[in-house]
Amino acid sequence: HPDCHLLIIGGGPGTQALEELNQSMNLTGRCHFLGWKPRQSLRHYFAAARAFVFASQTETQGLVLLEAAAAELPVVAVRASGVNEAVVDGHTGLLSDPGDQNSFVLHIQKLLGDSQLKQQIGRQARQHVQGFSSKECVYKLLNCFKSVIR
């Protein structure tokens, strides 16, 4: 996809190695390391994106996946704790097994090449994320508590 750019927001212990890999692969004009951004500004990046790509296997909460879903962005991610709760494979995003880089790349290409699928998954993701609202989470927690005290 010749017009595709990768925006990497945030950072961590692997950032320097990724930046070096980016330079060695001559992708500096297509892969952009933006660093940390305030949470309230993320919606602007989501609005400009075609998909949300999440390769982390150590993120435990998946909050950013829900934020992407709220912005109607389809997610491509690796199955992991947090991801499995936030993304329904084939419905709100596309999931790959850890270490399966071919599947991960194919999922990205599939979304970039099929605007109808991107829109469909994005709409479904937005609907799905409603179940993670503060009100809904409190309701679920109270029901869980009721079942424990009975």
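Residues numbered from 1 in each chain as written. Predicted model: local features only at pLDDT ≥ 70, side-chain atom pairs only at ≥ 80, totals over all residues. Heavy atoms only, no water.

Asker: Before we move on, could you go through the nonpolar core and cite the residues and values that matter?
Answerer: Membership of the largest hydrophobic core comes to 18 residues, with the highest contact counts inside it found for F52, L65, V75, V83 and V87. Elements that contribute at least two residues to this core include exactly α2 (42-48), β3 (52-54), α3 (63-70), β4 (75-78), α4 (83-86) and α6 (115-129). The leading source of residues in this core is α3, at 4 residues. Those residues within four positions of V87 in sequence are excluded, and the remaining contacts are L65, V75, T92, G93 and L95. By size, the runner-up hydrophobic cluster in this structure holds 7 residues, among which are L94, F104, L117 and I121. (Core = buried A, V, L, I, M, F, W, Y, C linked by side-chain atoms within 4.5 Å. Buried < 20%, exposed > 50% of the residue type's maximum accessible area, 1.4 Å probe, protein only. Helix = DSSP H or I, 4+ residues; strand = E, 2+ residues; numbered from the N terminus. Contact = heavy atoms within 4.5 Å.)

Asker: Tell me about the confidence of the model for the chain, and name the residues and values.
Answerer: When pLDDT is low, close inspection of the predicted coordinates is not appropriate. Predicted confidence across the chain gives a mean pLDDT of 92, with 99% of residues reaching 70 or more. For the chain, per-element mean pLDDT is lowest for helix α7 (residues 134-149), which scores 89, and highest for strand β5 (residues 93-96), which scores 97. (pLDDT = per-residue confidence, 0-100.)

Asker: Before we move on, could you go through the pairing of β5 and cite the residues and values that matter?
Answerer: Here β5 shows two buried faces, one formed by G93 and L95 and the other by L94 and S96. Direction of pairing for β4 relative to β5: parallel, over a ladder of 4 bridges. The partner of A77 across the bridge, within β5, is L95. (Pairing = 2+ DSSP bridges.)

Asker: I'd like a rundown of unusual backbone geometry, residues and numbers included.
Answerer: With a phi close to 60 degrees, N26 is a non-glycine residue in the positive phi region. In this structure, E72 takes a positive phi of about 60 degrees despite not being glycine. Looking at the element boundaries, E72 is found in the loop between α3 and β4.

Asker: Go over helix α5 (residues 101-113) with me, naming the residues and quoting the values.
Answerer: An ideal rise of 1.5 Å per residue puts 18 Å on 13 residues; α5 measures up with 18 Å between its terminal C-alpha atoms. Those residues of α5 lying buried are S103, F104, H107, L111 and L112. The inward-facing, buried residues of α5 abut β3, β4, β5 and α6. (Expected span 1.5 Å × (residues − 1).)

Asker: A description of a nonpolar patch on the surface should follow, citing residues and the corresponding values.
Answerer: A surface patch of nonpolar side chains, amounting to about 350 Å² of accessible area, comprises L18, L21, M25 and L27. Locating M25 in the fold gives a position in the loop between α1 (15-24) and β2 (31-35). Given a relative accessible area of 51%, M25 falls into the exposed group. (Patch = residues over 30% accessible without salt bridge, like charges linked within 9 Å, V, L, I, M, F, W, Y side chains within 5 Å. Areas by Shrake-Rupley, 256 points an atom, 1.4 Å probe, with all protein chains shown as cover. Salt bridge = Lys/Arg side-chain N within 4 Å of Asp/Glu carboxyl O.)

Asker: Provide a residue-level description of the side chain of Q124, including the pertinent values.
Answerer: Along the chain, the position of Q124 falls in helix α6. For Q124, the contacting residues outside a window of four places in its chain are H91 and T92.

Asker: Tell me about the sheet that holds β5, and name the residues and values.
Answerer: Pairing is parallel in the open sheet, where 3 strands are placed in the order β3-β4-β5. Looking at strand neighbours, the two that pair on one side only are β3 and β5, the edges of this open sheet. Between one strand axis and the next, the sheet turns by 10 degrees as a mean value, whatever way the strands run. Sheet topology note: the β3/β4 ladder contains 3 bridges and is parallel. Bridging from a neighbouring strand, F54 pairs with A77 of β4. (Axes fitted to C-alpha atoms, helices over the stretch in contact; angles between N-to-C directions.)

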